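Tertiary structure, described
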Amino acid sequence: MDNGKSLPNSAKVVIIGGGIIGCSVAYHLAKMGWTDTVLLERKKLTSGTTFHAAGLVGQLRSNANITQLLGYSVDLYNRLEEETGLGTGWKMNGGLRLACNEQRWTEVKRQATTAHSFGLDMQLLTPKEAQELWPLMQVDDVIGAAFLPTDGQANPSDITQALAKGARMNGATIMEDTKVLSVEMDDDGAITAVVTDKGRIECEKVVCCAGQWTRDFAKSVGVNVPLVPVEHQYMVTEPIDGVMPNLPTLRDPDRLTYYKEEVGGLVMGGYEPNPIPWAMDGIPKGFHYTLLGSNFDHFEQLMELSLGRVPALETAGIKQLINGPESFTPDGNFILGEAPELRNFFVGAGFNAFGIASGGGAGMVLAEWVAKGEPPFDVWPVDIRRFGSRHFDTDWVRKRTLEAYGKHYTIAWPHEEHKSGRPGRRSPLYDRLKENGACFGEKLGWERPNWFADLASGQKAEDVYSYGRQNWFEAVGQEHHATREAVTLFDQSSFAKFLMVGPDSERALNWICANDVSKPVGAVTYTQMLNDAGGIECDLTVVRVARDQFYIVTGTGYATHDFDWISRNIPEGCNAQLVDVTSGYSVLSLMGPKARAVLAKITPDDVSDKAFPFGVMREIGVAGAPVRALRLTYVGELGWELHLPTEYAVSVYEGLMEAGAEFGIRNAGYRAIESCRLEKGYRAWSSDIGPDHTPVEAGMAWAVKLKTDIDFKGRKAVQEQKQNGVAKQLVCFTVEDPDIVLLGRETIYRDGERVGWLTSAGFGYTIGKSIGYGYVRNKDGVDRAYLESGTYELEVATETVKADLHLKPLYDPAMKRVKC
């Protein structure tokens, strides 16, 4: 393929890897007019892992934009054969998903509601209706099923070759049997060329879509891509009576298996709970178009489970048991985007055995990212910047990835935490909090207390998962009420913390921040950072600690993302440097109406409201430690975040707990924070707000410096929205029945018409109701009059319930009352 041509001397973009992802990126770049694109494949197209993929194409994910990405794949596959003249094996035969117990049925019903939220026609079926679509299966144990008519299947090799042909038709060059040896960079770290075994290609951008080889290759240029190969097996049978070409794909998660039709027979595979890692000492040289030895003993567990569903398999002839390695990731999501470690080095890898389903959409998103410098929409769940330092250790990545693989078909419980590779990053208070009943969760490797069990009464500090109220519900309620009525202490040491230093720090931050940071030393500024379309890329706090120094605090999980965004957007010529100081500071958040009384007992400094007002930072002494105290709150009560050198954390914690004993102080965790912030209406990045949402749409225009003459990134877009109005707006809903559990992604109906979905949800213990936030959409505009003129319902697990709309916070700490 283009092998008669000599290697080009230069290209705008070089794509490494000729599987479905690389070919899709080449196809989409070429369609966008980037004809100076070269794809290099070390052997033959599809010869890595694409050729042995099973080829199921499902669309529904828990995130709207990833669902949209997968839906784009379906749209592309529907037209690709006609466009290129090559067969793709694509057929839209629909997809069935079974439920065989009540908890799974609840999950399936919630998935159906999520599908409805995102505009997919997922239908719930009785066991008999499901059997009519899939006559070969036994349904004695089936409670119900879901059917998505627009799902389907494809031939992985054929669809890749069609994408490759489409890329060539539009001007891209594809070179097989061309191995990439290295990437060259200049003294400033900018990519200048790719070196191959056939010569050198000068280029500005590299897109690494090398499948399971990606981690090692990216490491050679200092880029971390957390994935490892895992063996994945499926069986191909001889023709079976009754298997028709239009048989839907079938997923039977309670039996850990999936099925699709192939040449009158069946493909059956699955996700066993004890997966086998592969190539732990490195991928063998020359590995291509190669399968691993069939492991019948390991596959037997899936075979036994499948016989109870499809008895015909017991007598079917077996053509082949295919065992091929696939690249999997620690969280089960694939990896896209520009590497934070190296400008113009892009990654598309780690597709967790659904690369065919993702191929079209992932290639489109990555091509746009390469061409325009940003993706076409928010893809945070798959963004490479969701990872951090914890993911540099391959042994840890493998442990977590094997756990994620083994849970592929288990029930995805609300609030579920992973167990492997823990504990990792620990606050100095970890052991102390554990002794006091902390039940920890994990984020970006950090152990964080989610809630505290009453060990004295025999309560265990462990989560018991369900779709109803979970075992921690009452404990979190007690922490919530203590925060509202007395005082609580939260260990938030996992916050990401940066310093912006240099004489031009103020100028740099005022360009990047939507709010005004040109304030006196000690000022605390809550701000967003926007893209050119006004979308919220970061949501954080900026503290001026000196004339030429700012202390920046952001969420635990956004450390890599936010550091990357800020550092990339420092204006050219600004003398300002960004430094990560996360590990140097612990954070103890003292919150509640009695917080001042507690703090006053152990500091000689004046913490009265007059001396220490809201939105201010003071350097004070607390229990013998130097503390950077920030007067702010994310729970809606009087409080301080106490930022202190890590070595003082235990002393300050002990001092606060001793001083607070007479005021009823207690430890509290992140689930109480979540409950309190929902009542107060505070937004959460990656759910309520993000790159697809502007401050105007999110009701946060008050935090934007439009009244100043200071220019900032995204200003024009925000001004236009303020003048012209918006087509969506974030609002709050409550439901009367306290037993209704809202989790997020429930469908919002206005006057019977679907207008959006909940972005986040939980329970408000002060108001005694479930709370949800979501965007109400209307192409003709959304304003207060439009919102208040409608009546609302939420679809929860396919059932609709009446919902009350709220445009103001539910809880007012000044009045000590609720506004429901």
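The numbers attached to residues start from 1 for each chain and follow its sequence in the written order. Per-residue local features of the predicted model are confined to residues with pLDDT of at least 70, and side-chain atom pairs are confined, for both listing and counting, to 80 or more; whole-chain, interface and lining totals are unaffected and use all residues. No hydrogens and no water enter the side-chain calculation; it runs on all heavy atoms of the structure.

**A closer look at the overall build of the chain**
- Numbering of helices and strands starts at the N terminus; helices are DSSP runs of H or I of at least 4 residues and strands are runs of E of at least 2. Regarding its fold elements, the chain presents 18 helices and 40 strands.
- At 27 Å, the chain has a C-alpha radius of gyration in line with the 28 Å of a compact globule built from 820 residues.
- Along the three orthogonal principal directions, the C-alpha set of the chain runs to about 80 × 65 × 55 Å.
- Residue burial in the chain is summarised as follows: out of 820 residues, 61% are buried.
- Partitioning the intrachain contacts of the chain with sequence separation of at least 6 by distance along the chain shows that 72% fall at a separation of at least 24.
- Accessibility throughout is a Shrake-Rupley quantity obtained with a 1.4 Å probe, and a residue counts as covered only by protein chains that appear here. For the chain, the exposed surface amounts to about 30700 Å²; the carbon and sulfur share of it is 48%.
- Neither His nor the chain termini are counted; the positive set is Lys and Arg, and the negative set is Asp and Glu. Charge positions come from single atoms, namely NZ of Lys, CZ of Arg, CG of Asp or CD of Glu. For the chain, the separation between the mean place of its 85 positive charges and that of its 106 negative charges on side chains is 4 Å. This radius of gyration counts C-alpha atoms alone. The globule rule is 2.2 Å times how many residues there are, raised to the power 0.38. Think of it in three bands: residues with accessible area under 20% of the maximum for their type are buried, residues over 50% are exposed, and the middle band is partly exposed, with areas taken using a 1.4 Å probe on protein chains only. By the convention used here, residues are in contact when the closest approach between their heavy atoms is within 4.5 Å.

**Let's talk about the pattern of salt bridges**
- The salt bridge definition used is simple: a Lys or Arg side-chain nitrogen within 4 Å of an Asp or Glu carboxyl oxygen. This model, assessed by the stated rule, comprises 44 salt bridges.
- Put simply, R104 and E107 hold a salt bridge, and the shortest N to O gap is 2.9 Å. Here the residue R104 and the residue E107 both occupy positions in helix α3 (residues 102-117), the gap between them amounting to three residues, near one helical turn. Taken individually, R104 and E107 each receive the classification buried, so the pair is uniform in this respect.

**A closer look at unusual backbone geometry**
- Residues R422 and P423 are joined by a peptide bond in cis, for which omega reads -5°.
- The topology assignment puts P423 in the loop between α9 (394-406) and α10 (430-435).
- Here D177, not a glycine, exhibits a phi torsion of approximately 50°, which is positive.
- Mapped onto the elements of the fold, D177 is located in the loop between β8 (173-175) and β9 (180-185).
- In this structure, A623 is a non-glycine residue whose phi angle is positive, near 50°.
- Owing to a relative accessible area of 34%, A623 belongs among the partly exposed residues under this scheme.

**Points about the sheet that holds β9**
- Following DSSP output, two strands are said to pair if at least two bridges run between them. Taken in spatial order, the three strands make up an open sheet running β9-β10-β11, and their pairing is antiparallel. Strands at the two margins of the open sheet, each flanked by one partner only, are β9 and β11 (199-202). In this sheet, adjacent strand axes meet at a mean angle of 20° when their direction is disregarded.
- The pairing of strand β10 (residues 191-196) with β11 spans four bridges and is classified as antiparallel. Counterpart to V194 in the pairing with β11 is I201. Axis angles are defined between N-to-C directions and span 0 to 180 degrees, where every axis is a line fitted to C-alpha atoms and, for a helix, only to the segment in contact.

**A closer look at the sheet that holds strand β23 (residues 496-501)**
- A sheet is described by the order of its strands in space; here five strands give the open sequence β24-β25-β26-β23-β27, paired in antiparallel fashion. The sheet is open, and its two edges are formed by β24 (524-530) and β27 (577-580), each paired on a single side. Each adjacent strand pair in this sheet contributes to an overall mean axis angle of 30°, direction not counted.
- As paired elements, strand β25 (residues 536-546) and strand β26 (residues 549-554) share five bridges and run antiparallel to each other. Opposite R544, over in β26, you have F550 as the bridge partner.
- Relative to the sheet, helix α13 (residues 559-568) contacts β23, β24, β25, β26 and β27, its axis offset from that of β25 by approximately 75°.

**Focus: the nonpolar core**
- Grouping buried Ala, Val, Leu, Ile, Met, Phe, Trp, Tyr and Cys residues that are joined through side-chain atoms within 4.5 Å yields what is termed a nonpolar core. Counting residues in each nonpolar core, the largest one holds 50 residues, and the members touching the most others are I15, L29, V207, F334, L336 and V365.
- Elements with a minimum of two residues in this core: β1 (13-16), α1 (20-31), α2 (64-84), α5 (156-169) and α8 (355-372).
- Ignoring sequence-local partners within four residues, the contact set of L29 consists of V13, I15, W34, T37, A367, V370 and A371.

**As for the packing of α2 against α8**
- The N-to-C vectors of α2 and α8 enclose an angle of 100°; their axes lie 7 Å apart at closest approach. Between α2 and α8, the angle falls in the class roughly perpendicular. Facing L69, L70, Y72, S73, L76 and Y77 of α2, the residues of α8 in contact are I356, A357, S358, G359, G360, G361, A362, M364 and V365.
- For this classification, Asp, Glu, Lys and Arg are treated as charged, while Ala, Val, Leu, Ile, Met, Phe, Trp, Tyr, Cys and Pro are nonpolar and the rest, including Gly, are polar. Considering only residue class, the contact of α2 with α8 consists of ten nonpolar, five polar and no charged. To sort the angles, those under 35 degrees are grouped as roughly parallel, those over 145 as roughly antiparallel, those from 65 to 115 as roughly perpendicular, and the leftovers as oblique.

**Remarks on the packing of aromatic side chains**
- By convention, a stacked pair of Phe, Tyr or Trp rings (six-membered ring in the case of Trp) has centres within 6.5 Å and planes under 30 degrees apart, an edge-to-face pair has planes over 60 apart, and any other such pair is tilted. Under the defined criterion, the tally for this structure stands at 26 aromatic pairs.
- Seen from their ring centres, F118 and W757 are 5.1 Å apart, and the 75° between their planes marks the pair as edge-to-face. With F118 in the loop between α3 and β5 (123-125) and W757 in strand β35 (residues 753-764), this pair connects stretches of sequence that are 639 residues apart. Like F118, the residue W757 is buried in the burial classification.
- Note on W380 and Y558: the rings are 5.8 Å apart at their centroids and 65° apart in plane angle, and the pair reads as edge-to-face. Remark: Y558 occurs in the loop between β26 and α13 and W380 occurs in the loop between α8 and α9; sequence separation between them is 178 residues.
- What makes Y558 buried here is its relative accessible area of 15%.
- Criterion for a charge above a ring: Lys NZ or Arg CZ within 6 Å of the ring centre, and within 35 degrees of the ring normal. The ring centre of F354 lies 4.3 Å from the NZ or CZ of R61, which sits over that ring.

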